[in-house]
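# Survey of secondary and tertiary structure
One-letter residues, chain by chain:
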Amino acid sequence: MFCILKDVFRIAPLIEDARAQSDDDSDVDDAHITLLANISKDTQDQILRTYKKTIAGAPYLQELMKGDHKKSNELQGILDDMQYLIGQVQSEDAAHLKRRITRYATFNGKGLEPSVFPESKESCAKIGLNHPQLVCMLCPIKFLSEYQKDPSVTKAKLEAGTINMDAQAWPTLLYKAGATGVAGKAFDLTNVQDGLFDGFLVERVMKHVLTSPLSALAGDKFHVSNSCNAVIHRMMTVEAENIAYAAIQACSAITSHDKWTAEDSKFSYRKFYYRIINVIHNLPDKAWATAILQHYNLKLFKDKAGHAAALSTSATSDARDLDEDEDNVALMRKQFALQSANLTSTVKPAPPPPAPSSSIGSEALPPRLCTHKDPSPPASPSSTPHSPSPAPPTPKPRPKARQAAAGKSQVQALSSPAAAPPAPKMHPVHTAPSKASTPLPRKKQKLIQPESPLMESKAEEVETPLRRSPRKAQPKASGKTAKSASAAKKGRGRK
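What counts, and where the lines are drawn
- Residues numbered from 1 in each chain as written.
- Predicted model: local features only at pLDDT ≥ 70, side-chain atom pairs only at ≥ 80, totals over all residues.
- Heavy atoms only, no water.
- Helix = DSSP H or I, 4+ residues; strand = E, 2+ residues; numbered from the N terminus.
- Buried < 20%, exposed > 50% of the residue type's maximum accessible area, 1.4 Å probe, protein only.
- Contact = heavy atoms within 4.5 Å.
- Areas by Shrake-Rupley, 256 points an atom, 1.4 Å probe, with all protein chains shown as cover.
- pLDDT = per-residue confidence, 0-100.
- Phe/Tyr/Trp six-rings, centres within 6.5 Å; stacked < 30°, edge-to-face > 60°.
- Lys NZ or Arg CZ within 6 Å of the ring centre and 35° of its normal.
- Salt bridge = Lys/Arg side-chain N within 4 Å of Asp/Glu carboxyl O.
- Lys, Arg positive; Asp, Glu negative; His and termini not counted.
- Axes fitted to C-alpha atoms, helices over the stretch in contact; angles between N-to-C directions.
- Parallel < 35°, antiparallel > 145°, perpendicular 65-115°, else oblique.
- Left-handed = near helix turned anticlockwise from the far one by under 90°.
- Nonpolar A, V, L, I, M, F, W, Y, C, P; charged D, E, K, R; others polar.
- Core = buried A, V, L, I, M, F, W, Y, C linked by side-chain atoms within 4.5 Å.

Across its full length, the protein chain carries 18 helices and four strands. Expressed as a percentage of the 495 residues in the protein chain, the buried residues total 28%. Restricting to contacts in the protein chain with at least 6 residues of sequence separation, those with at least 24 account for 62%. On the protein chain, roughly 34,900 Å² of surface is accessible, and the fraction owed to carbon and sulfur atoms is 57%.

The next thing to look at is the confidence of the model for the protein chain. The share of residues in the protein chain with pLDDT of 70 or more is 64%, and the mean pLDDT across the chain is 75. A low-confidence stretch, residues 358–362 stays under pLDDT 50, and its non-local contacts, those more than four residues away or across chains, total two contacts. Taken as a whole, residues 413–420 scores under 50 in pLDDT and shows seven contacts with residues more than four places along the chain or in a different chain.

The residue Val192 is located in the loop between α9 (151–160) and α10 (200–210) in this model. Given a relative accessible area of 33%, Val192 falls into the partly exposed group. Along the sequence, Val192 and Lys142 sit 50 residues apart, while their C-alpha atoms lie 9.5 Å from each other. With residues up to four places along the chain from it excluded, the contact list for Val192 reads Trp170, Tyr175 and Phe187.

Turning our attention to unusual backbone geometry. Pro114 follows Glu113 through a cis peptide bond whose omega is 0 degrees. With respect to the element layout, Pro114 can be found in the loop between α5 (69–104) and α6 (121–124). For Phe197, which is not glycine, the phi dihedral falls at a positive 65 degrees. Since its relative accessible area comes to 1%, Phe197 is described here as buried. Although it is not a glycine, Lys302 adopts a positive phi angle of roughly 60 degrees. Relative to the helices and strands, Lys302 is located in the loop between α14 (286–301) and α15 (307–311).

As enumerated under the stated definition, the model contains twelve aromatic pairs in all. Ring centres 5.6 Å apart and planes at 80 degrees place the aromatic pair Trp170 and Phe197 in the edge-to-face group. Taken together, the residues Trp170 in the loop between α9 and α10 and Phe197 in the loop between α9 and α10 connect sequence positions 27 residues apart. When its relative accessible area of 12% is taken as the criterion, Trp170 is described as buried. Taking 5.3 Å as the distance between ring centres and 80 degrees as the angle between the ring planes, the aromatic pair formed by Tyr175 and Phe187 counts as edge-to-face. With Tyr175 in the loop between α9 and α10 and Phe187 in the loop between α9 and α10, the pair connects residues that are twelve residues apart, well separated along the chain. Over the ring of Trp170 we find Arg275; its NZ or CZ atom is 5.9 Å from the centre of that ring. When the ring centre of Phe222 is taken as origin, the NZ or CZ atom of Lys302, which lies over that ring, is 4.9 Å away.

Here the focus is the pattern of salt bridges. Under the counting rule described, the total for this entry stands at nine salt bridges. In this structure, Glu239 engages Lys53 in a salt bridge whose closest nitrogen and oxygen atoms are separated by 2.4 Å. With Glu239 in the loop between α11 (229–232) and α12 (240–253) and Lys53 in helix α3 (residues 41–57), this pair connects stretches of sequence that are 186 residues apart. Looking at Lys53, the relative accessible area reads 39%, which means it is partly exposed.

Moving on: the side chain of Asp198. Mapped onto the elements, Asp198 comes out in the loop between α9 and α10. We note that Asp198 is buried and unpaired, the nearest opposite charge coming from Lys176 at a distance of 4.3 Å. Those residues in contact with Asp198 that lie beyond four places of it in its chain are Leu174, Tyr175, Lys176, His295 and Tyr296.

Turning our eyes to something else, we now look at the packing of α5 against α12. In the contact formed by α5 and α12, the axes pass within 9 Å of each other and the chain directions differ by 55 degrees. Considered as vectors, α5 and α12 are oriented oblique to each other. When you trace α5 past α12, the crossing you get is right-handed. In contact with Val89, Gln90, Asp93, Ala94, Leu97, Lys98 and Ile101 of α5, α12 contributes Tyr245, Gln249, Ser252 and Ala253. Counted by class, the contact of α5 with α12 contains six nonpolar, three polar and two charged residues.

Right, let's talk about the nonpolar core for a bit. Looking at soluble globular proteins, one finds that nonpolar side chains tend to be buried together. Ranked by internal contacts, the top residues of the largest apolar core, which has 71 residues, are Trp170, Leu173, Leu174, Phe197 and Phe272. Breaking this core down by element, the ones donating at least two residues are α5, α7 (132–138), α8 (144–149), α10, α12, α13 (269–282) and α14. A total of ten residues in this core trace back to one element, the largest contributor, which is α12. Those residues in contact with Phe272 that lie beyond four places of it in its chain are Ala167, Trp170, Pro171, Leu174, Ala247, Ile248, Cys251 and Phe267. Grouped together as the second largest cluster of nonpolar side chains are 18 residues, Ala12, Ile47, Tyr51 and Leu79 included.

Before going further, it helps to examine the side chain of Thr50. Within the secondary structure, Thr50 is located in helix α3. Looking at Thr50, the relative accessible area reads 15%, which means it is buried. Leave out the neighbours within four places in its chain, and Thr50 touches Cys3 and Val8.

Set out below in structure tokens:
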């Protein structure tokens, strides 16, 4: 937020090169060492985070960095435009929050008492340290109990500067409100991080900026629309920078200034911003920092894992922690695991397969390859060759023989006069011509067959060969008669 993009794009590559060379145990450029020696490690980490996020959002900028002088000028122009827009967004967010901050700053959302409408410079002068409800929110958390005991004296100390109001002291508005709706009511000096960054004002300001002004006081009853800033800027999860930005906007909105300023007397919003980011990123208690980010993901996107998990159709991420009895999916998985365990304990293992034998018996062969052994006992060697051999077994009739025998029995049954069914139609018989004779045209004739007990007498059409009668030879005319005939024809034609 408070970065200078030109400096970020100039220093970040140097930090990457210096760290890469230090990892490879190679010599680092003295100019790089001199430049980076004046920048703290936390500031270097912040510059690298800003640089990587900017490149991730606009990869084209990295190509311009590696280009010629023309592309370098183009990069500088783009960075100037981005820097101007950052300032404009900060001012617009601050102006919009001023109109609604009197409702956001009260726990019930009904507005300050006495009522103030900060729409002008005169009305803004009535808020900040000049309003009793806002003094306790701007007061450092360590002096909250003192202010509650004697508000007027504590207020005078704050105005005089006896109680320092700087970025090193967390303001009360960052802490969770108690049952009475007073921010920081349950603060414990022995556990400073308990309830930190869980203030209701920070949550409402973050919703106002990222989701919509209507969602700020809606609790959980709101919808993340596609036109909100979080979706437009492709924000998938809440990060430390988002919490820091909401915190400084909340502090600036309840002060008596009518416009956005980077500093308010001794209070530096720049230091305050980077101090919050440093606490979340570098605090030894990583579990607490993770819980803070999950808390705001749940408040903004209704899922602890962020916006991407809220849009997912899988059931791996839930909006809140449920008991196993309430979560039906968890209960189904538990029951399935118990059923699987019971099945594995009750089912007996299958017996091992029999060991393969060296010789293959006739049972393993197909029936057509099995050799039938004679059940009779073998002949003893004492038997004489003249002794009669046992009669061989009668072979069983084959299926074809059985069908032939059945056919004969049917013919005998049909030949009896008692039961003579009507015979089927006979197909016409074609007589093939002999080899010596030439093929002649055939003529269909009706052939009457004699009646028999097996068939009915019907006239069938049979093709029989039709022989042509030889032509009679005509006598040839003599030469004289032919000439006289042709002469007569010519004479007729002349007449």
